[in-house]
Amino acid sequence: MLKRTVWAISTVLAMSLLAGGHAKAQTYKLYVNLPLSGPWSSFGEGMFNSFKLAIDQGNASGVMGKVKLEVVRGDNAGDSAQAASLATKAGADSRVIGAFCCWSSGLALATHAIYNRYRLPTILGGSNDHRSTRPFHKSAVIFRNSPYDLINMKMLATYATNYAKLKRIFTIDDNTAFSVTQVNEFTKAAIKLHGKGRIIGRESVQLGEKDFTPLITKLKTMNPDAVFYAGHMVEAALFRQQMLKLGLKVPMMSSGGVFSNTYIKVAGKASEGTLASFWGLPLDHYPEGRGTAFEKAYAAAKFQDPYESFGPMAHAAGQVYVQAVARLAKAGKVTRKALLAELNKGQYKTSIGDFGFDKHGMLDILHIGIFRVENAKWKLLYRTDRAATKFQKIAD
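**Quick look at the overall build of the protein chain**
For the protein chain, the helix and strand inventory stands at 13 helices and 15 strands. Computed over its C-alpha atoms, the radius of gyration of the protein chain comes to 23 Å, within 12% of the 21 Å expected for a compact globule of 396 residues. Across its three principal axes, the protein chain shows a C-alpha extent of roughly 100 × 40 × 40 Å. Residues counted as buried form 55% of the 396 residues belonging to the protein chain. The contacts in the protein chain between residues at least 6 apart in sequence include a share of 68% that link residues at least 24 apart. Accessible surface for the protein chain amounts to roughly 17,000 Å². Of this, 56% is attributable to carbon and sulfur atoms. Taking the 51 positively charged and 29 negatively charged side chains of the protein chain as two groups, their mean positions are separated by 6 Å.

Written out as structure tokens, the structure reads:
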């Protein structure tokens, strides 16, 4: 009888110790929703790796105490329905306290209501459409770590008309939410600056289109000073190659969907001279060497894919989650509700600078660069101030 009693007590104590151990070593999930396969996978893989790097660094540092973060890999393959399905899975998993989404504007717009329904805090890693930003939608859980199109296109139009002195610009979209909105906002900004005469026409193409001969032939007769192709990198590379082959030797401008080393590789020599606005800067332009520190850490981690143009922003998003969760862990309350409140009020030190989110979930650091391809590299020509109100010249 005595042996049974001792055994029972020992068992209870062991189970209590195990339970206590689990309570002390809590693991929470962050669900990633990115195009990790398909034509946009180079962006997606670079963003996933960069985000995971920040989380791995946070876990290794011990800054979150006994709390650990686990990154769940979600591949939306560039498909809106799949992105929505991943958002639902993330929301329904009680161990998921935050999400990182989605790169493309269309994918982001397809998920906002879902994340909001589950009250799951979500940081956007690339969606440029202003409709992904409060107050343009009612999803109070959405935060963004890059400027949106109303700002980006205003600055690109300012550069194109006031600095590059382009007077006859033809615009092209690819029928995606991202592209259509970019052309709309670029056109509005150009007209506001200089009247309707600066935009001489507009056409739409399709994702996957390969032969642009009829459109380029038409453009040659219109004698534009430049073409603004607000699309994605594969089609843009083909369009640029065919422009030069058919003798339309004028600058092509674009933005975040094309600002990529992959574009340069696909377009080859034809990429030379391409202009792009991008809501990011070369790594050596970020404060206190943080950008180059990210680059070294990424190389040391030996990821198979490059971090690409959105990697620094993805890394910053991971750093925000680590710092926010560290504060919650110290207060003894790591929940979605507490994380949402912290994101709305906190200040964060990241690879791209120090910032907080305003009442609309927008970060308060809005650096935008104007780049040109020279010798197979993106060269920074101009950059904005922190508030993206004016340009500073960097190079000719």
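**Details of the confidence of the model for the protein chain**
Per-residue pLDDT for the protein chain averages 92, and the proportion of residues at 70 or more is 94%. Under a pLDDT of 50 for its full length, residues 1-23 has, in the predicted model, zero contacts with residues more than four places off or in other chains.

**Considering the sheet that holds strand β4 (residues 122-124)**
For sheets, the rule is that strands pair by backbone hydrogen bonds, running either parallel or antiparallel. Spatial strand order, β2-β1-β3-β4-β5: five strands in an open sheet with parallel pairing. This sheet does not close on itself; its edge strands, each paired only once, are β2 (68-75) and β5 (142-144). Direction aside, neighbouring strands of the sheet carry axes that sit 25° apart on average. By the bridge criterion, three bridges tie β4 to β5 in an arrangement that is parallel. Counterpart to L124 in the pairing with β5 is R144. Across the face of the sheet, helix α12 (residues 311-331) comes into contact with β1 (27-34), β2, β3 (96-101) and β4 while running at roughly 165° to β3. The strands touched by helix α13 (residues 336-345) are β3 and β5; relative to β3, the strand with the most contacts, the crossing angle is about 50°.

**Things to note about the sheet that holds strand β9 (residues 252-254)**
Sheet architecture is open: eight strands sit in the order β7-β6-β8-β9-β10-β13-β14-β15, paired in mixed fashion. Each edge of the open sheet carries a strand with a single partner, namely β7 (199-204) and β15 (391-393). Strand-to-strand, the axes of this sheet are offset by a mean angle of 25°, without reference to chain direction. Pairing of strand β6 (residues 169-173) with strand β8 (residues 226-230) involves five bridges; the strand directions are parallel. Note on β8: the bridge partner recorded for I169 is A226.

**Regarding α12**
Between its first and last C-alpha, α12 extends 31 Å over 21 residues, near the 30 Å set by a 1.5 Å rise per residue. Phi for G332, located one or two positions after α12, is positive at around 80°.

**Regarding unusual backbone geometry**
Note that the residue after C101, namely C102, is joined by a cis bond; omega there is 0°. Residue position: C102 is located in the loop between β3 and α4 (105-109). Note the cis peptide between R134 and P135, where omega equals 10°. Residue position: P135 is located in the loop between β4 and β5. For E288, which is not a glycine, the phi torsion comes out positive at approximately 60°. Summarising the element assignment, E288 is placed in the loop between β10 (275-278) and α11 (290-301). The exposed category is assigned to E288, whose relative accessible area is 64%.

**What about the packing of aromatic side chains?**
Under the definition given, this model contains 28 aromatic pairs. With a centroid separation of 5.0 Å and an interplanar angle of 65°, the aromatic rings of Y163 and Y382 are classed as edge-to-face. Of this pair, Y163 sits in helix α6 (residues 149-163) while Y382 sits in strand β14 (residues 377-384), and the two are 219 residues apart along the sequence. Under the relative-accessibility criterion, Y382 is labelled buried at 13%. Taken together, the ring pairs in this structure connect W40, F43, W103, F259, Y263, F278, W279, F310, F371 and W378 into an aromatic cluster. Above the face of the Y28 ring, R95 is positioned so that its terminal group lies 4.9 Å from the ring centre. When the ring centre of F143 is taken as reference, the NZ or CZ atom of R134 above it lies at 4.9 Å.

Here is what the cut-offs are and how they apply
Residues numbered from 1 in each chain as written. Predicted model: local features only at pLDDT ≥ 70, side-chain atom pairs only at ≥ 80, totals over all residues. Heavy atoms only, no water. Helix = DSSP H or I, 4+ residues; strand = E, 2+ residues; numbered from the N terminus. Rg over C-alpha atoms; globule rule 2.2 N^0.38 Å. Buried < 20%, exposed > 50% of the residue type's maximum accessible area, 1.4 Å probe, protein only. Contact = heavy atoms within 4.5 Å. Areas by Shrake-Rupley, 256 points an atom, 1.4 Å probe, with all protein chains shown as cover. Lys, Arg positive; Asp, Glu negative; His and termini not counted. Charge placed at Lys NZ, Arg CZ, Asp CG, Glu CD. pLDDT = per-residue confidence, 0-100. Pairing = 2+ DSSP bridges. Axes fitted to C-alpha atoms, helices over the stretch in contact; angles between N-to-C directions. Expected span 1.5 Å × (residues − 1). Phe/Tyr/Trp six-rings, centres within 6.5 Å; stacked < 30°, edge-to-face > 60°. Lys NZ or Arg CZ within 6 Å of the ring centre and 35° of its normal.

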